[in-house]
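# Structure assessment
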Amino acid sequence: MKFGPVAPMEAEGCVLAHSTKLPGLILKKGHRLTETDCALLSEAGLETIVVARLEAGDLDEDAAAARLGGAAQGAGLYTDAPFTGRMNLFSDIDGVLVIDEAAVTAANRIDPAITFATLANHTRVTPGRMVATAKIIPFAVADDLLGKAETAINGAVHVAPFSARKVGLIATCLPHLKPSTMDKTRRILEDRLRASGSHIAAELRVDHTEEAVAAAISQMKTRGVDLLILFGASAVVDREDVLPAALERAGGDVRHLGMPVDPGNLLMLGDFNAMPVIGAPGCARSPKENGFDWILDRLLAGLAVSTHDITSMGVGGLLMEIGTRPQPRAPKAPSSKPKIAAIILGAGKSSRMGGPNKLLAQLDGKSLIRHAAETACGADLIETVLVTGHLAERVEAEVDDLDLNVTFNPDYADGMAGSIRAGMNALKTDPDAVVILLGDMPRITPEDLNHLIGAYQESSSNLIVTATADGKRGNPVLWDQRFFDALKSLTGDIGARHIIAENPGFVAEVELGDAARLDLDTPQALFAAGGQLPPDDQQ
């Protein structure tokens, strides 16, 4: 390939290096110039233009990117059309991304013009997630170099699909560990298993002793489980501690104890009758990403995990302040009518109201939760989920005649994040995006929700659409499916504000006026809006 300036009338068939504006016309970078283009450039008074001229043996950038990406593509992946020298690869299934790192590195070292980038090896992926991109830097590359790269990278990327497993859970008890904590641990584990179609087939709660745990492990042989997870009431700190000692007492093997991932250091991996056994670290009681996820995902995808694998996890293993983050670089799936669901958060304790459940308070003859539910049911949505918690039966009774699904969040006292997770996990459809509404925002209308949806449709980069009042962000907020995993991993009572802050380039704002920030958290605010507290028998 030859690159440089030429006279316009000598540029026919060449590739334009820089976008050029003409009267009533823009010729974009990468455009293959025609005889007519060259004449227009000359008539515009341009003496030279910078072009790339392909020579014998050269491949243009799109053809080269398509061949490179196609060579790397393995099972469980699909590609988009090459454009401007780039072709992206996407996961077609739920599973774990598997990369031949040496092969990718070898291909990248053949020539600087040839590049191939991926997500981190063994990342959990969902359908539609972008996992890799083949990019040709110049406008063309030599065919023989591209051939070498194809050979090097052949089949280097694939997705190992999850398979449904019957999981056995053994949890140990000590006086300090509340049954409610153990119940929550089980629910969080069930959430982790859901993407693979796996489920907890049997659970045993036993004393935190070597004898009791060993007996429970042996008992699991009769339960038909094919993966065993141990949650100790006390952390495993030594190979002679309760869980590893119990596994060996039952006839199993401890293959590895500890891992260079934080949180997740105190993980145990073993076998019992050819069945994998994970001794979960304490951090696995939280939905936040930790080393337990890395091991569990691989096992659910049928991938072997060795001591060498675990000891190689230190680079990138510092997860202390890192949650699961989306990869919004991939374009939104084209859709003239995207499928949008809604989640109404109605589980809180209304502590600032001083006693009554604010969602049962009356405004304009309706409860606040009724206002929110009717708004969602009146918008252009495929599904609405109401998350209940405090006084769940009374809240549900306010809307039991409406077309929505109700799910109970048993961890509602822990904060908003648990309700968002519960709502996301309760979705029965496969939406392109979800709108999260607060149950105490009675002035939001169906038209407001449709305005958010309209903004989502306007641009492929509008992946988060938030309502504003006089330019200040409020609620509701619409989230593209790219962020669903992040929403499912939230913790605490701060909601998802930090995700918005981390992704400013993908946020669109829709001005809804005062309704977007109307706060009826206190009796004074409720009275000022013209509302009334619920009757004593409904509080």
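It should be emphasised that the depicted structure is a prediction, and the values quoted were computed from it without experimental measurement.

### Notes on a negative patch on the surface
Taken together, the side chains of Asp238, Glu240, Glu248 and Asp253 define an acidic patch exposed on the protein surface. Looking at the secondary structure, you find aspartate 253 in strand 18 (residues 253-257).

### What to know about the state of the cysteines
Per the stated rule, a full pass over the model turns up zero disulfides. A disulfide-free cysteine, cysteine 38 has its sulfur positioned 7.5 Å from the sulfur of cysteine 14, the nearest such atom.

### Overview of the sheet that holds strand 25 (residues 405-408)
Read across the open sheet, the seven strands follow the order 25-24-21-26-28-27-29; overall the sheet is mixed. Of all the strands in the sheet, just strand 25 and strand 29 (507-511) have a single pairing partner and so form its edges. Pairs of neighbouring strands in the sheet enclose a mean axial angle of 25 degrees, with direction left out of account. As judged from the six bridges shared by strand 21 (residues 340-346) and strand 24 (residues 383-388), these two strands associate in the parallel manner. Within strand 24, the position partnered with glycine 346 by the bridge is threonine 388. In the packing of helix 12 (residues 416-426) onto the sheet, contacts are made with strand 21, strand 24, strand 25 and strand 26 (433-438), and the angle to strand 24 comes to roughly 140 degrees. Packed onto the sheet, helix 13 (residues 446-458) meets strand 21, strand 26, strand 27 (464-469), strand 28 (472-480) and strand 29 and runs at close to 60 degrees relative to strand 28.

### Focus: the packing of helix 3 (residues 101-108) against helix 4 (residues 143-153)
Describing two packed helices takes the angle between their axes plus the distance from one axis to the other. Remark: helix 3 packs on helix 4, axes separated minimally by 8 Å, with the N-to-C direction vectors making an angle of 170 degrees. Viewed along their axes, helix 3 and helix 4 adopt a mutual orientation that is roughly antiparallel. Here helix 3 contributes Ala103, Val104, Ala106 and Ala107 to the contact with helix 4, which in turn contributes Ala149, Ala152 and Ile153. Of the residues assigned to the contact of helix 3 with helix 4, the class counts are seven nonpolar, no polar and no charged.

### Topic: unusual backbone geometry
The step from aspartate 262 to proline 263 runs through a cis peptide bond, and the omega angle for that step is 5 degrees. One can find proline 263 in the loop between strand 18 and strand 19 (268-272). For the bond running from asparagine 475 to proline 476, omega is 5 degrees, close enough to zero to count as cis. Turning to its location among the elements, proline 476 is positioned in strand 28. Despite not being glycine, asparagine 273 shows a phi value in the positive range, around 50 degrees. Mapping asparagine 273 onto the fold places it in the loop between strand 19 and strand 20 (275-280). Using a relative accessible area of 54% as the deciding quantity, one classes asparagine 273 as exposed.

Parameters and conventions
- One numbering rule holds for all chains: residues counted from 1, following each sequence as written.
- At least 70 in pLDDT is required for a residue's local features to be given in this predicted model, at least 80 for side-chain atom pairs to be given and counted, and no such filter applies to totals for whole chains, interfaces and linings, which use all residues.
- Side-chain calculation: all heavy atoms of the structure are included, whereas hydrogens and water are not.
- Like-charged residues are merged into a patch within 9 Å and nonpolar side chains (Val, Leu, Ile, Met, Phe, Trp, Tyr) within 5 Å, provided each residue has over 30% relative accessible area and no salt bridge.
- Accessibility throughout is a Shrake-Rupley quantity obtained with a 1.4 Å probe, and a residue counts as covered only by protein chains that appear here.
- Salt bridges are defined as contacts in which a side-chain nitrogen from Lys or Arg sits within 4 Å of a carboxyl oxygen from Asp or Glu.
- In this tally Asp and Glu are treated as negative and Lys and Arg as positive; neither His nor the chain ends contributes.
- Just so you know, the charge point we use is NZ for Lys, CZ for Arg, CG for Asp and CD for Glu.
- Helix and strand assignments follow DSSP, with helices taken as H or I runs no shorter than four residues and strands as E runs no shorter than two, numbered in order from the N terminus.
- Disulfides are defined as pairs of cysteine sulfur atoms found within 2.5 Å of each other.
- Here, a strand pair is defined by DSSP locating no fewer than two bridges between the strands.
- Whenever a helix is involved, its axis is fitted only over the stretch in contact; in every case the axis is a line through C-alpha atoms, and angles between N-to-C directions fall within 0 to 180 degrees.
- The contact rule is simple, with two residues in contact once any of their heavy atoms fall within 4.5 Å.
- An angle below 35 degrees is read as roughly parallel, one above 145 as roughly antiparallel, one from 65 to 115 as roughly perpendicular, and any other as oblique.
- Under the scheme applied, nonpolar residues are Ala, Val, Leu, Ile, Met, Phe, Trp, Tyr, Cys and Pro; charged residues are Asp, Glu, Lys and Arg; polar residues are all the others, including Gly.
- With a 1.4 Å probe rolled over the protein chains alone, any residue whose accessible area is under 20% of its type maximum counts as buried; one over 50% counts as exposed, and the rest are partly exposed.

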